[in-house]
Amino acid sequence: MTTTSTSRGRRRAPGRMQRAAGRAAALQKPRVILALLVLLGLTSVLLLDGYLRAEVGGDERVRTGASSSKVPERIIEGGPILTFRGGRAATVSVPKKTIALTFDDGPNPTYTPQVLKILKENDVPATFFLVGSMVSRHPGIVRDMVRQGSEVGIHTFTHVDLSYQSDARVDREMEQTQLALAGAAGITTTLFRAPYSSETDAIDNYSWPVYKRLGQEGYTSVFVDTDSDDWKKPGVSKIVDWATPKGTSGAAVLMHDAGGDRTQTIRALPKYIRKMKAKGYTFTTVSGVVEQQNAGGARTGAPAGAAVAGAGSGSGPDGQAAQGGSATGGLQAAHREATGATLYEGKALIVAVAVAEYALPVLSAGLIVVGVAVMGRFGMMVILARRHYRQRNRRRFGWGPPVTRPVSVIVPAYNEKECIANTLESLSRSTHPIEIIVVDDGSTDGTSEIAREAAYALGMTNVRVIRQENAGKPAALNNGVRSASCDIVVMMDGDTVFEPETVRQLVQPFADPGVGAVAGNAKVGNRNTVIGAWQHIEYVMGFNLDRRMYDLLRCMPTIPGAIGAFRRDAVLQVGGMSEDTLAEDTDITIAMHRAGWRVVYQEHARAWTEAPGSLKQLWSQRYRWSYGTMQALWKHRRSLTDKGPSGRFGRVGMPLVVIFQIVTPVCAPLIDVFTAYSMIFVDFTAALLAWLAVLGVQLVCAAYAFRLDREKYRYLLMMPLQQLAYRQMMYLVLIHSCITALTGGRLRWQKLKRTGEVGTPAGVG
């Protein structure tokens, strides 16, 4: 055993890389927050869209048959317009030969424009009671409606029966609809019609307090006394007949411009208008009726000459002045000009809804693409892994003449005092002749001394310990490669242990002169904890099953740092281990492909590594891996245009890595967010069954991977929990890495805390 030192042990000032790493460290917390904000934004878009569609907070209860004993008789028998001037309830009836034409449930992008066109052609005004969620989704229609001279009222935001709702929910329904109107048309309104309401005699003991409360806030509640029942789709002629009042009576007529197929309503409307005009009727708005009442005196239940609150001069619910100088005069007297915070909040609502409306179809399409990609990946992995296993385990399969010559094993180590002795002990049992080069990268915990002592205690004369100033893992590996005396070099981590047959199995593919590098089978040694078991599943199902697939496709993206073998000349040919990225293993693997070398996977060469033991360490490791992989792909982006065998990775491997390891995982949270959304707000059973079906597919793939690797199936019991917790963490890590890459950040090398619990592989079950 020999020892070489390239350091005098002096304390040095931080280098350029260390200073850059320090600056980058200060930016990591904001990027984590930004990653969480991305996921929060996605969730918010879903919740907003669900609220607009009444999937979030929806309430389909409708009260019927309740008593009206607490409702004043004069209100039940009064007209269809209910006001509360001075705190006293009063009703207004429509004058004779007058029609107050009203429409409910809009706006609808198909039918409302047709209704407006018919009204304009016949010079007829109308009052539209609008659902706030529909207003926010179709603001342009509302603007046209107001400009044309029609009047608008509130029909709540989500079309719920207010008699079942709390005061806070009632206020929210009204305020949000006012904001939608402000954002869409720059107005608010004092008119209100409750969903599922009809004539005043349907007011009951539960809805009456709602009407009184809203009346005290300045709202005029509007009912009907003639219902076309067009929602029943009885036919055009019946709609016209049912909307016609008896004799010369005036009427507040109800039709619908949304809420279903309104084709019959569209066909009936012009016929109805012509019929009523022929009978000498005039059309007006609800405010027009109130203007006539104010001019002629009150009818039932109101003092003569009393003005009606909310329909004339004065202030409305938002304390805003009525519009003045309107070309339509009293026909839109219920409108108020939206100003100040109401106006800007309304515009913000319209913008937010527009974002949700456009984003959701994109997200839905992304969900389909991700789902297909995930299932396609599973199918491809299983099919190609099976083919790989059968090919490599045939009795007649061989790489060529057995490789028996000595090889160099390079062990880069930085503060590995807990593990280095176990690593050397495992190498002492190797059945293949090896020289061992331990490169101590400026350790401060006595790693080199422990290595020397362990080699001496084990009687190992084939160990060299090289000390160097701290320069990073790539520099340590390059130092080892330069110092190696064999033409094949095996690289392993300082926390990894090999089985006796590992090196012999790992170097056999070099019998093929076209093979330049070999990836081994890395195993999680500390798998008896929850976090360890999750990583064990990931290693077997994800990493190793992936490597079988990539091996057959001849585009292996990564040789694991825990176990890999290279032709020494090939490593030197591509410039050694690069410091350009944090994933030097991925970097050199792609470089080997581009140099024309073949990279293969040797499943029988097993190494046992110590996986991170805490969530914090796991985040740090996977963050570095993800970010380093992106760096390596960007560095080798020109492989997409390489010709011949050297371009195979660019044509096949890089697209697969980008799709399966970056794009799909980044978009995969869509599946979980949509699933959670569906379980809570749509159909719990259907969503749960869909999630269980996907989990079942994953379990089948995992079980097959465990079978190929001869692993115990008991660890698969942790898979459902892994899907609920571990997978989401990996998504956040990848999103965090993407944000770091997009913002141009740099990462420092993160040293994981080791325990040394992974000893000889014989103890791993």
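Up top is the structure these notes are about.
Residues numbered from 1 in each chain as written. Predicted model: local features only at pLDDT ≥ 70, side-chain atom pairs only at ≥ 80, totals over all residues. Heavy atoms only, no water.

Engineer: With reference to specific residues and values, describe helix 19 (residues 615-635).
Structural biologist: Every α-helix winds through 3.6 residues per turn, so residues three or four apart in the chain are directed the same way. With 21 residues, helix 19 should reach 30 Å at 1.5 Å per residue; the first-to-last C-alpha distance of 30 Å fits that figure. Along helix 19, 15 of the 21 residues are buried, which leaves the element largely enclosed by surrounding structure. (Helix = DSSP H or I, 4+ residues; strand = E, 2+ residues; numbered from the N terminus. Expected span 1.5 Å × (residues − 1). Buried < 20%, exposed > 50% of the residue type's maximum accessible area, 1.4 Å probe, protein only.)

Engineer: Pulling in residues and values, what's your account of the nonpolar core?
Structural biologist: Ranked by internal contacts, the top residues of the largest apolar core, which has 62 residues, are Leu101, Leu119 and Tyr272. Those residues in contact with Tyr272, other than ones at most four positions away along the chain, are Ile99, Leu101, Val240, Ala243, Thr244, Pro245, Val253, Met255 and Phe283. Counting residues in hydrophobic clusters, the runner-up holds 60 residues, among them Ala385, Ile437, Leu633 and Tyr731. (Core = buried A, V, L, I, M, F, W, Y, C linked by side-chain atoms within 4.5 Å. Contact = heavy atoms within 4.5 Å.)

Engineer: Go over helix 22 (residues 684-708) with me, naming the residues and quoting the values.
Structural biologist: The first and last C-alpha atoms of helix 22 sit 36 Å apart over 25 residues, in line with the 36 Å expected at 1.5 Å per residue. The inward-facing, buried residues of helix 22 abut helix 11 (340-392), helix 16 (530-553), strand 21 (598-609), helix 21 (669-682) and helix 23 (719-742). Looking one or two residues past helix 22, Arg710 carries a phi angle of roughly 55°, positive in sign.

Engineer: Requested: an account of the packing of helix 3 (residues 112-121) against helix 5 (residues 139-148), with residues and values cited.
Structural biologist: It is at 11 Å that the axes of helix 3 and helix 5 come closest, and there the two elements cross at 15°. When the axis of helix 3 is compared with that of helix 5, the two are roughly parallel. Crossing angle aside, the handedness with which helix 3 passes helix 5 is left-handed. Within the contact between the two elements, helix 3 uses Thr112, Pro113, Leu116, Leu119 and Lys120 and helix 5 uses Ile141, Met145 and Gln148. Here the contact of helix 3 with helix 5 is composed, by residue class, of five nonpolar, two polar and one charged. (Axes fitted to C-alpha atoms, helices over the stretch in contact; angles between N-to-C directions. Parallel < 35°, antiparallel > 145°, perpendicular 65-115°, else oblique. Left-handed = near helix turned anticlockwise from the far one by under 90°. Nonpolar A, V, L, I, M, F, W, Y, C, P; charged D, E, K, R; others polar.)

Engineer: Tell me about unusual backbone geometry, and please be specific about residues and values.
Structural biologist: For the bond running from Gly106 to Pro107, omega is 0°, close enough to zero to count as cis. Assignment of secondary structure puts Pro107 in the loop between strand 4 (98-106) and helix 3. Despite not being glycine, Asn415 has its phi angle at roughly 55°, a positive value. You can see Asn415 is positioned in the loop between strand 14 (407-413) and helix 12 (420-427). Residue Asn415 is classed as buried on the basis of its relative accessible area of 18%. Phi angles above zero are rare outside glycine, and Arg554 is one such case at about 60°. Structurally, Arg554 is set in the loop between helix 16 and strand 20 (564-567). We classify Arg554 as partly exposed; its relative accessible area is 44%.

Engineer: Just give me the short version of a positive patch on the surface, but keep the residues and values in it.
Structural biologist: A surface patch of like charges, here positive, comprises Arg554, Lys643, Arg648 and Arg651. Residue position: Arg648 is located in helix 20 (residues 648-667). (Patch = residues over 30% accessible without salt bridge, like charges linked within 9 Å, V, L, I, M, F, W, Y side chains within 5 Å. Areas by Shrake-Rupley, 256 points an atom, 1.4 Å probe, with all protein chains shown as cover. Salt bridge = Lys/Arg side-chain N within 4 Å of Asp/Glu carboxyl O. Lys, Arg positive; Asp, Glu negative; His and termini not counted. Charge placed at Lys NZ, Arg CZ, Asp CG, Glu CD.)

Engineer: Mind laying out the pattern of salt bridges, listing which residues take part and the relevant values?
Structural biologist: Summed over all chains, the structure comprises 26 salt bridges. A salt bridge links Asp546 to Arg377; its shortest N-O distance comes to 2.6 Å. In this pair, Asp546 sits in helix 16 while Arg377 sits in helix 11, placing the two residues 169 residues apart along the sequence. This pair shows no difference in class: Asp546 is buried, exactly as Arg377 is. The structure contains a network of salt bridges with shared partners spanning Lys523, Arg527, Arg548, Glu603, Asp709 and Glu711.

Engineer: So what's going on with the packing of aromatic side chains? Residues and values would help.
Structural biologist: Summed over the entire model, instances satisfying the criterion amount to nine aromatic pairs. Plain terms: the ring middles of Tyr211 and Phe223 are 5.1 Å apart, the flat faces sit at 65° to each other, and that makes the pair edge-to-face. Taken as a pair, Tyr211 in helix 7 (residues 208-216) and Phe223 in the loop between strand 9 (220-222) and strand 10 (226-227) lie far apart in primary sequence, twelve residues in all. The class of Tyr211 is buried, set by a relative accessible area of 6%. What makes Phe223 buried here is its relative accessible area of 2%. Taking the centre distance of 5.7 Å and the plane angle of 50° together, the rings of Trp534 and Tyr726 count as tilted. Residue Trp534 is found in helix 16, and its partner Tyr726 is found in helix 23; the two are separated by 192 residues along the sequence. (Phe/Tyr/Trp six-rings, centres within 6.5 Å; stacked < 30°, edge-to-face > 60°.)

Engineer: Describe the pairing of strand 16 (residues 463-468), and please don't skip the residues or the numbers.
Structural biologist: Looking at chain direction, strand 15 (residues 434-441) and strand 16 are connected through six bridges and run parallel. The partner of Val438 across the bridge, within strand 16, is Val465. The handedness of the strand 15 to strand 16 crossover, carried by helix 13 (residues 447-458), is right-handed. (Pairing = 2+ DSSP bridges. Right-handed = clockwise from strand over helix to strand, strands pointing away.)

Engineer: Lay out the side chain of Asp161 with the relevant residues and their values.
Structural biologist: Locating Asp161 in the fold gives a position in the loop between strand 6 (151-154) and helix 6 (167-185). For the buried Asp161, no salt bridge is present, and the opposite-charge side chain at shortest range is Arg63, 5.3 Å distant. Residues contacting Asp161, with those up to four places away along its chain left out, are Arg61, Val62, Arg63 and Tyr196.

Engineer: Lay out the environment of Leu699 in plain terms, naming residues and giving numbers.
Structural biologist: Here Leu699 shows up in helix 22. On a C-alpha basis, the gap between Leu699 and Pro720 in space is 8.8 Å, while along the polypeptide they are 21 residues apart. The contact partners of Leu699, leaving out residues within four places of it in the chain, are Leu716 and Met719.

Engineer: Report on the environment of Pro95, specifying residues and quantitative values.
Structural biologist: Here Pro95 shows up in the loop between strand 3 (88-92) and strand 4. In the structure, Pro95 is positioned 197 residues away from Gln292 in sequence and 8.0 Å away in space, judged by C-alpha atoms. Apart from residues no more than four positions distant in its own chain, Pro95 is found in contact with Gly250, Val289 and Gln292.

Engineer: So what's going on with the pairing of strand 15? Which residues, and what values?
Structural biologist: Burial analysis of strand 15 places eight of its eight residues in the buried class, the great majority of the element. Burial along strand 15 is two-sided: Ile434, Ile436, Val438 and Asp440 and Glu435, Ile437, Val439 and Asp441, pointing in opposite directions, are all buried. Two strands pair when backbone bridges link them, and strand 14 and strand 15 are joined in this way by seven bridges, in the parallel orientation. Paired with Pro412 across the bridge in strand 15 is Val439. With respect to chirality, the unit in which strand 14 leads through helix 12 into the neighbouring parallel strand 15 is right-handed.

By themselves, these observations are geometric and do not establish any function.
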